[in-house]
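Each chain, letter by letter, is given below.
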Amino acid sequence: MENVQLYTTAISAAAALGDHERALELVSRMNRAGVKPNKKTLTALMGACIAGRKYNAASDIFAKIKSPDSYAISVGLKALCLAGKFEDALELITEQRSGQHTLNGKQVMFAYNNLIQEALYSGEYEVARGALSGLLRAGYIPSKQTYRAMIESMNLQTDMPFSSAAMRKSTQSQLSDGPGKFEFLLFVLDSLGGRKLTVDSAFYSSILVSGAMGGGLKQRIASHIARSRKSGTQKEISVSSEADLSEDKV
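Residue numbering note: each chain is counted from 1, following its sequence as written. pLDDT decides what is reported in this predicted model: residues at 70 or higher carry local features, side-chain atom pairs at 80 or more are listed and counted, and totals for whole chains, interfaces and linings draw on all residues regardless. As a rule here, side-chain values cover all heavy atoms of the structure and leave hydrogens and water aside.

J.: I'm lost on helix H1 (residues 4-16) in this one. Help?
T.: In an α-helix, one full turn covers 3.6 residues, which means residues spaced three or four apart are oriented alike. Its 13 residues place the ends of H1 18 Å apart at the C-alpha level, agreeing with the 18 Å of an ideal helix rising 1.5 Å per residue. Against the buried residues of H1 lie helix H2 (20-33) and helix H3 (39-51). Here H1 starts with a cap whose side-chain oxygen sits 3.1 Å from the backbone nitrogen of Gln5, and that cap is Asn3. One or two positions beyond H1, positive phi appears at Gly18, with a value near 70°. Only runs of H or I of at least four residues qualify as helices and only runs of E of at least two qualify as strands under DSSP, and these elements are numbered from the N terminus. Working rule for helices: expected span equals 1.5 Å times residues minus one. When checking whether two residues touch, look at their non-hydrogen atoms; a contact exists if any pair is within 4.5 Å. We call two N or O atoms a polar contact when they sit within 3.5 Å, provided that within protein one can donate a hydrogen and the other can accept it, with sequence-adjacent residues counted only if both atoms are side-chain atoms.

J.: Explain the packing of helix H8 (residues 125-137) against helix H11 (residues 181-194) here, please?
T.: A pair of packed helices can be characterised by two numbers: the angle between their axes and the separation between those axes. Only C-alpha atoms enter the line fits that serve as axes; for helices the fit covers just the stretch in contact. Angles between N-to-C directions range over 0 to 180 degrees. Two elements in contact, H8 and H11, have axes separated by 10 Å at closest approach and are oriented at 10°. What the angle tells us is that H8 and H11 run roughly parallel. Across the interface between the two elements, Tyr125, Ala128, Arg129, Leu132, Ser133 and Leu136 of H8 pack against Lys181, Glu183, Phe184, Phe187, Val188, Ser191 and Leu192 of H11. Residue type decides the class: Asp, Glu, Lys and Arg count as charged, Ala, Val, Leu, Ile, Met, Phe, Trp, Tyr, Cys and Pro as nonpolar, and the leftover types, Gly among them, as polar. By residue class, the composition of the contact of H8 with H11 is 8 nonpolar, 2 polar and 3 charged. For this classification, under 35 degrees means roughly parallel, over 145 means roughly antiparallel, 65 to 115 means roughly perpendicular, and everything else is oblique.

J.: Honestly, unusual backbone geometry in this entry has me stumped. Any pointers?
T.: Apart from glycine, the bulk of residues carry a negative phi angle, and the bulk of peptide bonds sit in the trans form. The residue Arg53 is not glycine, and still its phi comes out positive at about 60°. Its place among the elements puts Arg53 in the loop between H3 and helix H4 (55-63). Positive phi values are uncommon outside glycine, yet Ser67 reaches one of about 50°. Following the sequence through the fold, Ser67 ends up in the loop between H4 and helix H5 (70-82). Buried means the residue's accessible area, taken with a 1.4 Å probe over protein chains only, is under 20% of the maximum for its type, while exposed means over 50%, and partly exposed covers the values in between. Overall, Ser67 belongs to the exposed group, its relative accessible area being 61%.

J.: Got a minute to help me understand H5 in this structure?
T.: With 13 residues, H5 should cover 18 Å at 1.5 Å per step; its first-to-last C-alpha distance of 18 Å lies within 8% of that length. Taken residue by residue, H5 has Ala72, Ile73, Val75, Gly76, Leu77, Ala79, Leu80 and Cys81 as its buried positions. Taken from the residues just after H5, Gly84 is the one with a positive phi, measuring 80°.

J.: Please clarify how the packing of aromatic side chains should be interpreted in this entry.
T.: To describe a pair of aromatic rings, you give the distance between the ring centres and the angle between the ring planes. Two rings from Phe, Tyr or Trp (for Trp, the six-membered ring) form a pair when their centres are within 6.5 Å of each other. A pair whose planes differ by under 30 degrees is stacked, one over 60 is edge-to-face, and the rest are tilted. For the structure shown, the criterion picks out 3 aromatic pairs. Residues Tyr147 and Phe203 carry aromatic rings whose centres are separated by 5.5 Å and whose planes lie at 50° to one another, so their mutual orientation is tilted. Placement of Tyr147 in helix H9 (residues 144-153) and of Phe203 in helix H12 (residues 201-214) is noted, with a sequence separation of 56 residues between them. We classify Tyr147 as buried; its relative accessible area is 6%. Ring pairs connect the aromatic residues Tyr125, Phe184 and Phe187, which therefore count as one cluster.

J.: Is there a simple way to think about the side chain of Glu118 in this case?
T.: Along the chain, Glu118 turns up in helix H7 (residues 105-121). Just so you know, the count uses Lys and Arg for positive and Asp and Glu for negative, and it drops His and the chain ends. Should a side-chain nitrogen of Lys or Arg be within 4 Å of a carboxyl oxygen of Asp or Glu, the pair is scored as a salt bridge. One buried charged side chain, Glu118, makes no salt bridge at all; its nearest oppositely charged neighbour is Lys78, positioned 8.0 Å away. Residues contacting Glu118, with those up to four places away along its chain left out, are Cys81, Leu82 and Phe86.

J.: Which parts of the structure should I look at to understand the pattern of salt bridges?
T.: Pairing between side chains of opposite charge can happen when their charged atoms approach one another. One pass over the structure, following the stated rule, counts 3 salt bridges. In this structure, Asp60 and Lys85 form a salt bridge, with 3.6 Å as the shortest nitrogen-oxygen distance. Here Lys85 lies in the loop between H5 and helix H6 (86-98) and Asp60 lies in helix H4, a separation of 25 residues in the sequence. Accessibility expressed as a relative area gives 44% for Asp60, which makes it partly exposed. Here Glu126 ties to Arg129 by a salt bridge, and the two come within 3.8 Å at their closest N and O atoms. Note that Glu126 and Arg129 are positioned in helix H8 at a spacing of 3 residues, about one turn of the helix. Residue classification places Glu126 among the exposed positions, given a relative accessible area of 60%. The class of Arg129 is buried, set by a relative accessible area of 15%.

Next comes the structure, spelled out in structure tokens:
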């Protein structure tokens, strides 16, 4: 007998195989049979669309779920981020902090990390700033996963390349990243310093390496950061000079 549980199981199996076309076909079959998809069915369908890289379709499906549970919200947030709907994702996470608290603390933290990572992959530094600020305002402390997400999404290096060829390649990569990357790194450093939080050592190293390879003003700022930390003065590096970075000649 055809029922919603049977269809949901089949759609979940299609999602596990990354076969979004099969999942959509099953939903069409449900509708023809007069079986109405429930919350779990639509969540499974979202997962199938994400697996098939149909991110906009997944986010549209999420919008149709009434009163989503924590799992549906987590999958929906992933869909929104992958679809590039960062403002919607940030708004949803903010609602979770101030509203019904459907997500627990660990899930909210994961959502922030995912949003920061996907925003940085897309070069949306302002969105990433907003997400990090929201994370800190909510009382969360950046985890190793947070730092790893930032390092990987910005393709940061934690050590200077040894060979001249690798150095040239790395410098070219830095130049092709466009404006906003180093400014974001300074923003993270200032945000953490303002709250007396310890900076992850690998992330701190990546700031110095990025500045050194950027040359000019970026290199001078990185040198100043290193000297300040080494001297133990804990001087804050003002990000008000970000606008001047556009004048940096490499």
